[in-house]
Amino acid sequence: MTETTHTSDTPVLAQNGAHSTPVQDDIAAAESHKNTANEAFKEKNYLLAIELYGKAIDCNPLSSVYHANRAFAHIRMETYGSAVEDGTQAIALDPKYVKGYYRRGDAHYALGKYKDALKDFKSAARLAPRDPDLRKKLTACEKEVKRIRFEEALATPDVAQTPVADTIDMASMSVEDSYDGPHLEGNIEEGYTVTPGFMQDMLQRFKDQKLIHRRYAFAIILQAYEILKGLPSLVDVPVPKGTKLTVCGDVHGQYFDLLNIFDINGLPSQENPYLFNGDFVDRGSWSAEIILTLFAYKVLFPHHVHLARGNHESRGMNKIYGFDGEISHKFSSQMIELFRDTFCWLPLAHVLDNRVLVVHGGLFSKDGVKLSDIRSIDRHREPPEDGLMCEMLWSDPKPTEGRGPSQRGVGVGFGPDVTRNFLQDNKLDLLVRSHEVKDDGYEIAHDGNCITVFSAPNYCDQMGNKGAFITFTGGDMSPQFTQFAAVPHPDVKPMAYASSMMGNMWGF
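Please read these numbers as outputs of a predicted model, since none were measured by experiment.

Peer 1: Now, about the overall build of the chain: what can you tell me, with residues and values included?
Peer 2: A tally of helices and strands in the chain yields 18 helices and 16 strands. With the C-alpha coordinates of the chain rotated into their principal frame, the extents come out at 75 × 50 × 50 Å. For the chain, long-range pairs separated by at least 24 residues make up 71% of all intrachain contacts whose partners lie at least 6 apart in sequence. The distance from the centre of the 53 positive side-chain charges to the centre of the 68 negative ones in the chain is 4 Å.

So this is what it looks like as structure tokens:
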């Protein structure tokens, strides 16, 4: 929870000693801003809370509470880099303030920086040794650190690894007589075929909260794997004059909202192509249903359904944000490994009609990047911590010129001039990206050169945002926006399969 009073001794000055002691009027104004910010936080208006905590800090920069509270709001907005900065400042102001370490540790954990998180939680536990929540966080971090060390010890980088796809034995997955779900046409020997009829039946079965047989799930993933493996890192998508193409942003396991998109805009088909711009999984608790639906449509319409990789199609994110836990619960750990390898073959970007670049995150920390540089990326790997591939998955636009640190702690913040120069250098008209919640489901920025689209309404059942998708028509290629609200879903909370730490961090 956010705090209303400072429970420790008088805070010390920040390390640079730049702040003078605030006068009583400033302290009173700061408290007023903080109290209003706390109300905004309770209403889940985290952006407003961040703004108001900032005003409190402007009035009284010596309060560690204000920084820790703002860090918590940043965590809810997934701007973990800013949360780390606020936690660090809270600790600098008061090294005995438990919540400073607590918030910074949460942010490090969310970024997968478990060793840094462990240090923070150990520091907090020394100050509050009887706090049961801290003990749980310590245990969770220690488990992840041990897992990483174990995996590193087993790693043999010079030995060729057998692809997971080659280890799948579907013959051992008998389809029981009691199975009452849809069946793929064909057989193991001759291969299975995804048909429109199967898709309709599978969509309804998922809507009824039932699964398809694991043999058919593996068959769909394996076929998608082979298709994606044959694609380049940058895919050119023609949009013939008079035809349309729909671009969707993050859907994050919100299956019933995906069905709503199809109700509004029609099912994918040769006449109704789609591009889904990454972050299909995690957060929402129907990630299995989402990814099997999208992969099956990719198999059915390989040239008319396009899938891009997001930052959540990765091992580190899937382990803590729910996808691994969900697939293990609904299917098997072997399927997790197959998804992991298949995600590594997802393309990184698409160019529509030679005019519009669609990428999940954003642009780059250096000038002069060409489309040919994107095409040449060897993408079959887990996302690195820096470089072009990392930035394509993680970067965000910022309103001011130039570049700056990412508020997420990964990638880069890029300004209007960066977008303009990139588009000019590559003879493009527009950048479309996703990756960020927007109240209206989309946002036009950078003088109309950069559009964000986000397709998961009421994200995590608490953000209150609309979802949106973009329709482009060949010839004109001007974006048309459709907004939609969240629809009811069964009583399963978001991140039901995520690590307990992430669930607690988000109040689940």
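There is more to say, and it comes next.
Peer 1: How would you explain unusual backbone geometry if you had to name every residue and give the values?
Peer 2: Here the phi dihedral of H252 falls at roughly 45°; this positive angle occurs in a residue that is not glycine. With respect to the secondary-structure elements, H252 resides in the loop between β4 (244–248) and α10 (255–265). Here N354, not a glycine, exhibits a phi torsion of approximately 60°, which is positive. Residue placement: N354 occurs in the loop between β7 (349–352) and β8 (356–359). With relative accessibility at 57%, the residue N354 sits in the exposed group.

Peer 1: Give a description of the packing of helix α3 (residues 64–76) against helix α4 (residues 80–93) that names residues and reports values.
Peer 2: Each pair of packed helices gets described by two things: the angle between the helix axes and the distance between those axes. One can describe the packing of α3 onto α4 by two numbers: an axis separation of 8 Å at closest approach and a directional angle of 165°. Between α3 and α4, the interaxial angle falls into the category roughly antiparallel. Along this stretch, α3 crosses α4, giving a crossing that reads as left-handed. Between α3, through S64, H67, A68, R70, A71, H74 and I75, and α4, the contact on the second element is made entirely by Y80, S82, A83, D86, G87, Q89, A90 and L93.

Peer 1: Requested: an account of the pattern of salt bridges, with residues and values cited.
Peer 2: Scanning all chains against the criterion turns up 23 salt bridges. The partner of D120 in a salt bridge is R104, with the nearest N and O atoms 2.7 Å apart. Here D120, found in helix α6 (residues 114–127), pairs with R104, found in helix α5 (residues 98–110); they are 16 residues apart in sequence, far enough to count as distant. One salt-bridge network, in which partners are shared between bridges, spans D396, R408, R433, E436, K438 and E443.

Peer 1: Describe the confidence of the model for the chain, listing the residues and the values that go with them.
Peer 2: Looking at the chain as a whole, the pLDDT averages 93, with 95% of positions reaching at least 70. Considering only residues more than four positions removed or in separate chains, one finds that residues 4–17, a stretch of pLDDT under 50, has 27 contacts.

Peer 1: Lay out the side chain of S332 in plain terms, naming residues and giving numbers.
Peer 2: Summarising the element assignment, S332 is placed in the loop between α13 (323–330) and α14 (333–343). Sequence-distant contacts of S332, defined by excluding residues within four places in its chain, comprise F218 and I327.

Peer 1: Any chance you could break down a positive patch on the surface for me, citing the residues and the numbers?
Peer 2: A cluster of basic side chains, namely K115, K119, K122, R126, K146 and R149, defines a positive patch on the protein surface. Where the positive patch is concerned, the elements lending two or more residues are α6 and α7 (132–154). Ranked by residues supplied to the positive patch, first place goes to α6 with four residues. Relative to the helices and strands, K146 resides in helix α7.

Cut-off values and rules
- Residues numbered from 1 in each chain as written.
- Predicted model: local features only at pLDDT ≥ 70, side-chain atom pairs only at ≥ 80, totals over all residues.
- Heavy atoms only, no water.
- Helix = DSSP H or I, 4+ residues; strand = E, 2+ residues; numbered from the N terminus.
- Contact = heavy atoms within 4.5 Å.
- Lys, Arg positive; Asp, Glu negative; His and termini not counted.
- Charge placed at Lys NZ, Arg CZ, Asp CG, Glu CD.
- Buried < 20%, exposed > 50% of the residue type's maximum accessible area, 1.4 Å probe, protein only.
- Axes fitted to C-alpha atoms, helices over the stretch in contact; angles between N-to-C directions.
- Parallel < 35°, antiparallel > 145°, perpendicular 65-115°, else oblique.
- Left-handed = near helix turned anticlockwise from the far one by under 90°.
- Salt bridge = Lys/Arg side-chain N within 4 Å of Asp/Glu carboxyl O.
- pLDDT = per-residue confidence, 0-100.
- Patch = residues over 30% accessible without salt bridge, like charges linked within 9 Å, V, L, I, M, F, W, Y side chains within 5 Å.
- Areas by Shrake-Rupley, 256 points an atom, 1.4 Å probe, with all protein chains shown as cover.

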